[in-house]
Amino acid sequence: MKVKNFFGFLLVLGVVLGTSSLVMAAEVNLKDYDAVVVQDLEVPSGSPAPESAGLQMAEKAVYQIKRYNEKYKLFDTIVKEGGKGSKESPSGKKVLIIKGEVKEYTVPTVGRQIGRSFIPGVGGHVGSGTFAAHYKFIDKESGKVIYETDLRTSSTGANDTVEYAMDRNGEALAKTITKLKGR
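Residues numbered from 1 in each chain as written. Predicted model: local features only at pLDDT ≥ 70, side-chain atom pairs only at ≥ 80, totals over all residues. Heavy atoms only, no water.

What's the story with the overall build of the protein in this structure? I'm lost.
Scanning the protein for helices and strands turns up four helices and five strands. Along the protein, helices and strands appear, N-terminal first, in the series α-β-α-β-β-α-β-β-α. Per-residue burial over the protein gives 36% buried out of 183 residues. For the protein, the exposed surface amounts to about 11100 Å²; the carbon and sulfur share of it is 55%. (Helix = DSSP H or I, 4+ residues; strand = E, 2+ residues; numbered from the N terminus. Buried < 20%, exposed > 50% of the residue type's maximum accessible area, 1.4 Å probe, protein only. Areas by Shrake-Rupley, 256 points an atom, 1.4 Å probe, with all protein chains shown as cover.)

I keep staring at helix α2 (residues 52–72) and nothing clicks. Help me out?
Each full turn of the α-helix corresponds to 3.6 residues, which orients residues three or four apart in the same direction. The first and last C-alpha atoms of α2 sit 30 Å apart over 21 residues, in line with the 30 Å expected at 1.5 Å per residue. Residues of α2 that are buried: Ala53, Gly54, Met57, Ala58, Lys60, Ala61, Val62, Gln64, Ile65, Tyr68 and Asn69. Buried residues along α2 sit in contact with β1 (35–38), β2 (77–80), β3 (95–106), β4 (130–139) and α4 (162–180). The positive-phi residue at the C-terminal boundary of α2 is Lys73, with phi of around 50°. (Expected span 1.5 Å × (residues − 1). Contact = heavy atoms within 4.5 Å.)

Please clarify how the packing of aromatic side chains should be interpreted in this entry.
What describes a pair of aromatic rings is the distance from one ring centre to the other and the angle between the planes of the rings. One pass over the structure, following the stated rule, counts three aromatic pairs. Centroid distance Tyr68 to Tyr72: 6.2 Å. Interplanar angle 25°. Geometry classified as stacked. Taken together, the positions of Tyr68 and Tyr72, both in helix α2 and four residues apart, correspond to about one turn of that helix. Residue classification places Tyr72 among the partly exposed residues on the basis of a relative accessible area of 27%. Between Lys181 and the ring centre of Phe75, over which it is positioned, the NZ or CZ distance is 4.6 Å. (Phe/Tyr/Trp six-rings, centres within 6.5 Å; stacked < 30°, edge-to-face > 60°. Lys NZ or Arg CZ within 6 Å of the ring centre and 35° of its normal.)

Sorry if this is basic, but what is going on with the environment of Leu30 here?
Tracing the backbone shows Leu30 in the loop between α1 (2–26) and β1. In this structure the C-alpha to C-alpha distance between Leu30 and Ile177, which are 147 residues apart in sequence, comes to 7.8 Å. Leave out the neighbours within four places in its chain, and Leu30 touches Leu96, Phe137, Ile146, Ile177, Leu180 and Lys181.

It is not clear to me how the pairing of strand β5 (residues 145–154) should be interpreted in this structure. Could you clarify?
Where a strand is regular, its side chains alternate between the two sheet faces. The pairing of β4 with β5 spans nine bridges and is antiparallel. Bridged to Tyr135 within β5 is Thr149. Linking β4 to β5, which pair antiparallel, is a turn of five residues; within it Gly143 sits at a positive phi near 80°. (Pairing = 2+ DSSP bridges.)

How should I be thinking about the packing of α2 against α4 in this particular structure?
If you want to describe how two helices pack, look at the angle between their axes and the distance between the axes. Between α2 and α4, the least distance of the axes is 8 Å, while the angle of their chain directions is 45°. Judged by the angle between their axes, α2 and α4 are oblique. Considering the relative orientation of α2 and α4, their crossing is right-handed. Of α4, the residues touching α2 (which contributes Ala53, Gln56, Met57, Lys60, Ala61, Gln64, Ile65, Arg67, Tyr68 and Tyr72) are Glu163, Met166, Asp167, Asn169, Gly170, Glu171, Leu173, Ala174, Lys175, Ile177 and Thr178. (Axes fitted to C-alpha atoms, helices over the stretch in contact; angles between N-to-C directions. Parallel < 35°, antiparallel > 145°, perpendicular 65-115°, else oblique. Left-handed = near helix turned anticlockwise from the far one by under 90°.)

I would appreciate a short explanation of unusual backbone geometry in the present structure.
In this structure, Lys73 takes a positive phi of about 50° despite not being glycine. Within the secondary structure, Lys73 sits in the loop between α2 and β2. We classify Lys73 as exposed; its relative accessible area is 58%.

Below is the structure:
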């Protein structure tokens, strides 16, 4: 009886330790990365988003990541690919590449604003512009995708523009990076 209990205990311990190592392996850790390069987002053909939305979103992402970098010291170098300072590759540094694709681009309309104003408890200014993108975090050295995420944001209140939704999307990306850096 004691032998069965002992083997049962070992089995449970093995399952717990085995599972916890799988969970830890699934977590993404960006602590080793010293530089980040943001590429222009791809705009699929037939999308309501203008071609310039990819460039614009990349610039907004760089701006927001730099804002968070001032506070949390996330990276030594933050650049937009093809932008100022991106020609010199950070030597000896581990580089993270962020690329993405525009998934949703909804321009606010008066009808949508009026329709949303009838929602009880909301009233007043309600945002109706939305922006969504699928982001991939890629290790430059290996070329492997280490993390993927979808971020969808909308405009709020009197700032009911798709540009404001894009600003919020860039901030959501910066918050995701901050979380993955462990800060």
